Amino acid sequence: MKMVLVVACALIDADGRILLAQRPEGKALAGLWEFPGGKLETGERPEDALIRELKEELGITVKHACLAPLTFASHAYDDFHLLMPLYVCRRWEGDVTGREGQALAWVRPQKLRDYPMPPADAPLIPHLQDLLSPLSSSLL
Ligand SMILES: Nc1nc2c([nH]c(=O)n2[C@@H]2O[C@H](COP(=O)(O)OP(=O)(O)OP(=O)(O)O)[C@@H](O)[C@H]2O)c(=O)[nH]1
Ligand SMILES: [Mg+2]
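All of these numbers come straight from a predicted model, not from anything done at the bench.

## Notes on the UniProt feature "binding site: Mg(2+)" (unreviewed entry) in the protein chain
Per the UniProt record, the feature "binding site: Mg(2+)" (unreviewed entry) sits at Gly37 and Glu57. Spatially, the listed residues are clustered: although they cover 21 residues, their C-alpha atoms lie within 7.8 Å of one another. Relative to the helices and strands, Gly37 is located in strand β4 (residues 37–39). When neighbours within four sequence positions are excluded, Gly37 is seen to be in contact with Val6, Val7, Ala8, Cys9, Leu50 and Glu53. With respect to the element layout, Glu57 can be found in helix α1 (residues 46–58).

## Things to note about the pairing of strand β5 (residues 68–76)
Pairing analysis gives eight bridges linking β5 to strand β6 (residues 81–89), with the strands arranged antiparallel. Within β6, the residue paired with Ala76 across the bridge is His81. The loop that links β5 with its antiparallel partner β6 comprises four residues.

Thresholds applied
Residues numbered from 1 in each chain as written. Chains lettered and ligands numbered in written order. Predicted model: local features only at pLDDT ≥ 70, side-chain atom pairs only at ≥ 80, totals over all residues. UniProt positions renumbered as here; feature names shortened; annotations may be inferred. Helix = DSSP H or I, 4+ residues; strand = E, 2+ residues; numbered from the N terminus. Contact = placed C-beta atoms within 7 Å. Pairing = 2+ DSSP bridges.

The following block contains the structure:
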């Protein structure tokens, strides 16, 4: 089984909302809501890849020190196995814009389930909910 490494990021704003981006028409899983990010290029470090993707997809500048690892997704798709580290980021420079024509949504943690996501992403949701509302653990 081919292993594909994809880095993704949950941007969190000052109100504790999470940024989701809608996959554009024509791509695999079009219309579903995902965390910005993408595949590593050959020889690229994960954090460098994520910084590059956040610039390409959202037009923002992120520093290494502002990327904190949270958890990861491991999911068997039909034709590859996805391994996807999820970082969180609360500080960036520039305005978040959909540079690739994708719709964006700032979503409260408890509303994440209202947005259809790729199957690999479902197990990530409780980790974000816990991070952002630690008094009501959704992992228990
Ligand atoms: N970015 C991102 N990709 C995800 C998520 N969940 C998930 O299953 N994926 C899968 O990871 C793979 C890589 O995503 P991608 O299309 O963003 O890769 P990319 O930015 O490098 O784009 P490209 O391949 O069109 O150049 C896709 O198969 C996508 O479906 C997610 O939350 N965020
Ligand atoms: Mg991408």
